[in-house]
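Reading the structure
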Amino acid sequence: MTAHEVDVVVAGGGAAGLFAAAVAARRGRTVALLEKSERPGLKILISGGGRCNLTTTRSGKDLERQYGERRGRFLRHALHLLPPTAVVEHFERLGVPLREEDLEKVFPISQKARDVLDALLRDCRDSGAKVHAKTPLLTLRHDGSHFVASTPSGNFVSQSFVLATGGLSYPKTGATGDGYSIAMSFGHTITKTFPALAPLRVEEPWVRNLQGIVLHGVELSSLDRLGKVLTRRTRPILFTHKGLSGPAPMDLAGDIEEQGGGQVRFDFVPEMSAEALEAQWLDAARSHGKRGVASLLPATLPDRAREAIVGIAQCETLTLANFDRAARQRLLRATKDLRVLVRHSLGFDHAEVTRGGVALDEVDPKTMQSRLQQGLWLCGEVLDIDGPIGGFNFQAAFATGRVAGSHA
Ligand SMILES: Cc1cc2nc3c(=O)[nH]c(=O)nc-3n(C[C@H](O)[C@H](O)[C@H](O)COP(=O)(O)OP(=O)(O)OC[C@H]3O[C@@H](n4cnc5c(N)ncnc54)[C@H](O)[C@@H]3O)c2cc1C
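Counting restarts for each chain: residues are numbered from 1 in the order of the written sequence. Reporting in this predicted model follows two pLDDT cut-offs: at least 70 for local features of residues, and 80 or more for side-chain atom pairs to be given and counted; totals over whole chains, interfaces and linings ignore these cut-offs and use all residues.

Examining the overall build of the protein chain
Quick reminder of the rule: Numbering of helices and strands runs from the N terminus; a helix is a DSSP stretch of H or I covering at least four residues, while a strand is a stretch of E covering at least two. Field definition: a residue is buried when 20 or more other C-beta atoms are found within 10 Å of its C-beta, exposed when 12 or fewer are, and partly exposed for counts in between, with C-beta atoms placed from the backbone. We call two residues in contact if the C-beta atoms placed from their backbones are at most 7 Å apart.
Within the protein chain one finds 13 helices and 21 strands. Overall, the protein chain is about 85 × 40 × 35 Å in size when its C-alpha atoms are taken along their principal axes. Within the span of the protein chain, comprising 408 residues, buried residues form 48% of the whole. For the protein chain, long-range pairs separated by at least 24 residues make up 73% of all intrachain contacts whose partners lie at least 6 apart in sequence.

This is the structure we're talking about:
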């Protein structure tokens, strides 16, 4: 079979690979992008509920912090070179007008993820990068002077190789962890991988009973084994037949999985301290003795949620007139410190991102080049990088793709 010879081969036609391919081709490099699926960019199409939240309006240190200390530090250079404002300019230049929505998220005005993918594909085509769909990378070796990538359509030979095959989440989009074994064959370490940004499986009956309810303004935190808060989120919480979904629970999945299970804590009145809340309750009890205890809970909570909290606190039969200290303590705990055990998320099939991947200390953050194999670049989710919901994962994929494409 014929061997294709190019300057750069990019494996993986997701956000990172498509970005890297176009950037490298615009530098005058001949580029072949290998995508194993029939169509590249499947994950882009299903992202953000089909609308693709492609970046955020956060910036600087605040942006970096979203990825955690170690991963944020690794991304510093890439995010500096391609901050969210530059991503916005880039896509607008490619003909996709964008706008900011709630929670600093940026979406196409058209509300169509398709437009984002089409823009990336157009950029590849216009820059001269050739996309080979249905062309899985099977093996990769370096023969001393070149990389030799084997595929069912023959070998691709190149000086530079960009590995952008993604992680393990949503395997039906093509992300099945192929890049890990390729990276390992060059000596790379793959840190333990966990599903992240996934719904949480919760068995607790009160959670299951609230199926269909969405809570706003409630704080949800993941706790470590000593009860210390790992991540805190005040974002929508959706109760489902399997447990908890929506932005806040999904943001906590990585922590839960990484610990092998743990507790999440609800604070239904995060804007008030326990002391202030108790004082308010005492005031109300003095003037409205005949009311039920549920009347103390915020009117913004759905009735079923208020009933559940009062039930957990065993206060359902009490009026404010007989709401004694012990009952107040129970209700305070149920309102501000209600913990549920979560053993697992719904796993990689439902996870938007993979935590873990190619160890960051083996990759140069200034170039995304492997420190172990010259000429090998890595970008996107194949790296040990994940961010919360809000456009941070595409932002990281574009930024690392841009750096890799600038050097490969
Ligand atoms: C349902 C869902 C919704 C999401 N929504 C958002 C969102 O709104 N905002 C956000 O920022 N992030 C979102 N994400 C996360 C985001 O999509 C990913 O972080 C991002 O796509 C990672 O890009 P990537 O290019 O590194 O990997 P991927 O997008 O996974 O691309 C990797 C590509 O490599 C290909 N590949 C794999 N193995 C091989 C091989 N051997 N040979 C050739 N090709 C191969 C795959 O087929 C795939 O096309 C979402 C994810 C999911 C699953």
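Here the narrative resumes.
Digging into the sheet that holds strand β4 (residues 98-101)
What counts, and what does not: Note: two strands are recorded as paired if DSSP finds a minimum of 2 bridges between them.
Strand order in the open sheet formed by three strands is β3-β5-β4, with antiparallel pairing between adjacent strands. Each end of this open sheet is capped by a strand with a single partner; those strands are β3 (55-56) and β4. Where β4 and strand β5 (residues 105-108) come together, four bridges link them in antiparallel fashion. For L98, the partnering residue across the bridge sits in β5 and is P108.

Section: unusual backbone geometry
The phi dihedral of E104 falls on the positive side, at around 60 degrees, and the residue is not glycine. Looking at the element boundaries, E104 is found in the loop between β4 and β5. On the basis of neighbour count, E104 is assigned to the partly exposed category, with 17 C-beta atoms found within 10 Å. Its identity as a non-glycine residue notwithstanding, Q314 has a phi of 55 degrees, on the positive side. Here Q314 is to be found in the loop between α11 (303-312) and α12 (325-336).

Focus on the domain arrangement of the protein chain
Basically, it comes down to this: An automatic or database domain assignment provides the domain bounds reported here. In this classification, the charged set is Asp, Glu, Lys and Arg, the nonpolar set is Ala, Val, Leu, Ile, Met, Phe, Trp, Tyr, Cys and Pro, and all remaining amino acids, among them Gly, are polar.
We note that the domain assignment places domain 1 (3-194 + 354-407) and domain 2 (199-346) within the protein chain. Domain 1 and domain 2 are separated by 39 Å when their C-alpha centres are compared. Residue composition of the side of domain 1 that touches domain 2, grouped by class: four nonpolar, no polar and two charged.

Re the site of the ligand
Rules: Using a C-beta atom placed from the backbone for every residue, we mark a residue as near a molecule or strand if that atom lies within 6 Å of it.
Around the ligand, a shell composed of 38 residues is seen, among which G12, G14, G166, G174 and G380 lie nearest. Contributions of two or more residues to the shell around the ligand are made by α1 (15-26), α2 (42-46) and α13 (392-407). Counting residues per element, the shell around the ligand draws most heavily on α13, which supplies four residues. The residue makeup of the shell around the ligand, split by class, is 17 nonpolar, 15 polar and six charged.

Describing the pairing of strand β8 (residues 147-151)
Burial along β8 is one-sided: F147, A149 and T151 are buried, and none of V148 and S150, which face the opposite way, are. With four bridges connecting them, strand β7 (residues 139-142) and β8 associate as antiparallel partners. Across the sheet, the residue bridging to L140 is A149, located in β8. What sits between the antiparallel neighbours β7 and β8 is a turn of four residues, in which G144 has the positive phi angle 105 degrees. Bridging between β8 and strand β9 (residues 154-163) involves five bridges; their strand directions are antiparallel. Note that in β9 the partner of S150 across the bridge is N155. The turn linking β8 back onto β9 is made up of two residues.

Points about the nonpolar core
Quick reminder of the rule: Among buried residues, those of type Ala, Val, Leu, Ile, Met, Phe, Trp, Tyr and Cys that are joined through C-beta atoms within 7 Å form a set called a nonpolar core.
Membership of the largest hydrophobic core comes to 75 residues, with the highest contact counts inside it found for V9, A20, A21, V162, L163 and L378. With ten residues, α1 is the largest single contributor of residues to this core. Listed in part, the 44 residues of the second largest apolar core include A196, L197, A253 and I256.

Quick word on helix α7 (residues 178-185)
Looking only at α7, the buried set comprises D178, G179, Y180, I182 and A183. Taken together, the buried residues of α7 touch β7, β9 and β21 (376-378). Taken from the residues just after α7, G187 is the one with a positive phi, measuring 95 degrees.

Points about the sheet that holds strand β13 (residues 219-223)
Threshold: Angles run from 0 to 180 degrees between N-to-C directions of axes, and those axes are lines fitted to C-alpha atoms, restricted for helices to the stretch in contact.
Sheet architecture is open: four strands sit in the order β14-β13-β17-β18, paired in antiparallel fashion. Because the sheet does not close on itself, it has two edges, and the strands there are β14 (229-233) and β18 (338-342). In this sheet, neighbouring strand axes are inclined to one another by 25 degrees on average, regardless of whether the strands run parallel or antiparallel. With four bridges joining them, β13 and β14 adopt antiparallel strand pairing. Within the sheet, the bridge partner assigned to L220 lies in β14 and is R233.

Re the packing of helix α10 (residues 274-287) against α12
Rules: Should an angle fall under 35 degrees it is called roughly parallel, over 145 degrees roughly antiparallel, and 65 to 115 degrees roughly perpendicular, with every other angle called oblique. For any helix crossing, the convention is left-handed if the near helix is rotated counterclockwise from the far helix by under a right angle, and right-handed if that rotation is clockwise.
Where α10 meets α12, the axes come as close as 11 Å, and the angle between the chain directions of the two elements is 130 degrees. In terms of orientation, α10 lies oblique with respect to α12. As α10 runs across α12, the sense of the crossing is right-handed. Residues A274, L277, E278 and W281 of α10 touch α12, and the partners they reach there are R328, L332, T335 and K336.

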